[in-house]
Amino acid sequence: MLCYGQHVWANKHKRGVCKDNLYFKDGATSCERWDQSSFDPAYDKLPLDFFLDMVRATFERDAYDPAVIQPDVQVPLQDAEVAAARA
């Protein structure tokens, strides 16, 4: 809501109710870096095929895999090594 709440007559600071959540900062950072730019028609895009292996890997793993979802463990949103491999 932070970027568009005012356009739909909503409280743009509604996310504040979650500010004490362990993942609040990660969610806010993710929205700031990637969500808002997804609405920019001039933003450089990648073809859908680029994401196929990532989507397959996500759906092939066990749901709630403890190796992936670890309560109270925060992983950086960006991994330079993974990004370089995907470039």
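Up top you'll find the structure we're talking about.
Counting starts from 1 at the beginning of each chain's written sequence and moves along it residue by residue. Totals for whole chains, interfaces and linings use every residue, but because this is a predicted model, local features are given only for residues with pLDDT of at least 70 and side-chain atom pairs only at 80 or more, for both listing and counting. Hydrogens and water are ignored here; the side-chain numbers use all heavy atoms of the structure.

A. View of the overall build of the protein. Helices and strands together make up the secondary structure of the protein, namely three helices and zero strands. Only DSSP runs of H or I reaching four residues or more are called helices, and only runs of E reaching two or more are called strands; each is numbered from the N terminus. Start at the N end of the protein and walk to the C end: the helices and strands fall as α-α-α. Against the compact-globule benchmark of 12 Å for 87 residues, the protein has a radius of gyration of 16 Å, which places it well outside the compact range. Its C-alpha atoms give the protein principal-axis dimensions of roughly 40 × 35 × 25 Å. Should any heavy atoms of two residues lie within 4.5 Å, those residues are counted as being in contact. Here the analysis covers contacts within the protein between residues at least 6 apart in sequence; of these, 58% occur between residues at least 24 apart. Residue-level accessible areas treat just the shown protein chains as cover; the underlying method is Shrake-Rupley with a 1.4 Å probe. Entry remark: accessible area of the protein is about 8000 Å², with carbon and sulfur atoms responsible for 59%. The globule rule used here is 2.2 Å times the number of residues to the 0.38 power, and the radius of gyration it is set against is calculated over C-alpha atoms.

B. Quick look at the packing of aromatic side chains. Classification of ring pairs rests on two measures: the distance between centres of Phe, Tyr or Trp rings, Trp counted by its six-membered ring, which must be within 6.5 Å, and the angle between planes, read as stacked under 30 degrees, edge-to-face over 60 and tilted in between. According to the stated counting rule, one finds one aromatic pair in the structure shown. On the numbers, 5.1 Å between centres and 85° between planes, the contact of Phe50 with Phe51 is edge-to-face.

C. Representation of a nonpolar patch on the surface. A cluster of nonpolar side chains, namely Leu46, Leu48, Phe51, Val55 and Phe59, defines an oily patch on the protein surface of about 570 Å² accessible area. Structurally, the position occupied by Val55 is in helix H2 (residues 52-60). You can call Val55 partly exposed: its relative accessible area is 43%. What goes into a patch is any residue over 30% in relative accessible area without a salt bridge, connected to like charges within 9 Å or, for nonpolar side chains (Val, Leu, Ile, Met, Phe, Trp, Tyr), within 5 Å. Salt bridge, as used here: a side-chain nitrogen of Lys or Arg that lies within 4 Å of a carboxyl oxygen of Asp or Glu. Relative accessibility thresholds used throughout: buried, under 20% of the residue-type maximum; exposed, over 50%; partly exposed, between the two (1.4 Å probe, protein chains only).

D. Molecular detail of the environment of Asp49. Along the chain, the position of Asp49 falls in the loop between helix H1 (24-35) and H2. In this structure the C-alpha to C-alpha distance between Asp49 and Ala87, which are 38 residues apart in sequence, comes to 13 Å.

E. Spotlight on the environment of Phe51. Along the chain, the position of Phe51 falls in the loop between H1 and H2. In this structure Phe51 comes out as partly exposed when scored by relative accessible area, which is 34%. Sequence-wise, Phe51 and Pro71 are 20 residues apart; in three dimensions their C-alpha atoms are separated by 26 Å.

F. Quick look at the pattern of salt bridges. If you walk through the whole model with that rule in mind, you get two salt bridges. When the shortest N-O distance is used, the salt bridge between Lys19 and Asp20 registers 4.0 Å. The same class applies to Lys19 and to Asp20, which are both exposed. Across the pair Arg56 and Asp53 runs a salt bridge whose closest N-O atoms are separated by 3.6 Å. Linking Arg56 with Asp53, this pair stays in helix H2, spanning three residues, or about one helical turn. A relative accessible area of 45% means that Arg56 is categorised as partly exposed.

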